[in-house]
Amino acid sequence: MYSGDAFLPRVGDFRTRYMTGNHDLSIDDEEVKAFRTIVYDYYKRYRRDFPWRRTGDPYHVLVSEIMLQQTQTDRVSEKFTEFIKAFPTLESLAGAEQGRVLAQWQGLGYNRRAVMLHRLAGQVMNKYGGVIPDSPEELVLLPGIGKATAASICAFAFNKPVVFVETNIRTVFIHMFFPHGDDVDDGSIVPLVERTLDRENPHHWYSALMDFGVMLKKNFTNPGRKSRHHQKQSPFEGSTRQVRGMILKALIADQGLTARGMVKAVNAPEEKISRALDDLVKEGLVSRRGRRYYL
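To start, this report covers the structure provided alongside it. Position numbers for residues start from 1 in each chain and track the written sequence from start to end. With pLDDT at 70 or above as the cut-off, local features in this predicted model cover only qualifying residues; side-chain atom pairs require 80 or more to be listed or tallied, and sums for whole chains, interfaces and linings still use all residues. Side-chain numbers come from the whole structure's heavy atoms, not from hydrogens or water.

1. Re the nonpolar core
Then, number 1: Grouping buried Ala, Val, Leu, Ile, Met, Phe, Trp, Tyr and Cys residues that are joined through side-chain atoms within 4.5 Å yields what is termed a nonpolar core. Only protein chains enter the accessibility calculation, which uses a 1.4 Å probe; a residue whose area is less than 20% of its type maximum is buried, one above 50% is exposed, and one in between is partly exposed. Counting residues in hydrophobic clusters, the biggest one holds 93 residues, and the most contacted among them are F35, F83, F173, F212 and I247.
Then, number 2: When checking whether two residues touch, look at their non-hydrogen atoms; a contact exists if any pair is within 4.5 Å. Ignoring sequence-local partners within four residues, the contact set of I247 consists of M262, V266, I273, A276, L277 and L280.

Okay, structure coming up:
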C-alpha cells in the first residue's frame, strides 16, 4: 500500500526542529542527515515502480523524461513501454516517419513533444554519432529540452550530481522548509536542494524526493501552490489543445483530408479547426499539399 501516514509525525518533528532555530535558510550537517533519513526511509518502503526506473539505458531515460513533461506518471507508464517497443533504439526513432511517431504518441497529449523528440533523435545521430550527451550544457541545446529536463536526464541516465527543481521536488522543500512561506521562489529552494543532495547517488535521491513529494501532495493541500512558479492548468475540454489533438488523430486515421473533410472528422467549430490547422502547419506537425493535409 502506497501511504505516508506512518511518516507524517516524523515530517512534523523535522519541520518543528528546523524552524525553531535561526537558520536563515541554512541547514547544518545533522539536519541534512535527518532530512535524508526521512526521505530515504519512505522511499525504501513505498518507492514507486516504473519501467524507466528499471533500466540504465540513457535513451529510455530520455524518452521517459520527455513524456513526463506535463503528463501524469500513470499515463506515461502505459505509453512508455509501447513506444520503446515501437522504437527500441535512438536510431530507429530517428529513422522513423514523423507520422508514425505521432501515431505512437497518441494518448499522451502535447503532441509537439513527439515532434521535438523525433528531431532530437535525428540531431543526436548526426551530431553525436547516436550517443546521448551527458552534460546539461549540451542537452539543453537539443529540441524540446529545457534546463530542468536536461539536468534530470543527467541525474537519472548518468548519475550526475546536478541540481534541479521540478514540481514534486519543489513540493518537498516548500513543505519541509517553508511551512509559513508564501510565494516561494525557486531561487530560495535551489541552495537547499544543493545542500541536501546525495552526491554519491543522485539517481536514487531524486527518485526518493519525487516519491516523497507525491505522498505529501496526497496528505496535505498541495504545498506547491505556495510556489511563485505554480500555474493552474487551464481546462482541456473545448481548448485549442484538444482540437489540435483531434486533428492529429483524424490524420492518423485518414491521411490527405481536406479542410472540409477535417470539419466533418473533428467535432469542433470550423473557425477553431482552421486556426489550429494553420498553427500545426507552421510548427511542422502537419504538412499541406494543395488542399489536403498530411502528417
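2. Brief notes about the packing of aromatic side chains
Then, number 1: Working definition: rings of Phe, Tyr and Trp (its six-membered ring) pair if their centres are within 6.5 Å, and the pair is stacked with planes under 30 degrees apart, edge-to-face with planes over 60 apart, and tilted otherwise. For the structure shown, the criterion picks out twelve aromatic pairs.
Then, number 2: A ring pair is formed by F35 and W205, whose centres lie 5.8 Å apart and whose planes are at 80 degrees; its orientation type is edge-to-face. Of the two residues, F35 is situated in helix α2 (residues 29-46) and W205 in helix α12 (residues 202-219); the sequence distance between them amounts to 170 residues. In terms of burial, F35 and W205 fall into one category: buried.
Then, number 3: Look at Y42 and F212: their rings are 5.6 Å apart centre to centre, the planes differ by 75 degrees, and that puts the pair in the edge-to-face class. Here Y42 is found in helix α2, whereas its partner F212 is found in helix α12, with 170 residues between them in sequence. The pair Y42 / F212 is uniform in exposure class, with both members buried.
Then, number 4: Here the aromatic cluster, defined as three or more aromatic residues joined through ring pairs, consists of F35, Y40, F173, F177 and W205. By the criteria applied, helices consist of DSSP H or I runs no shorter than four residues and strands consist of E runs no shorter than two, each listed in order from the N terminus.

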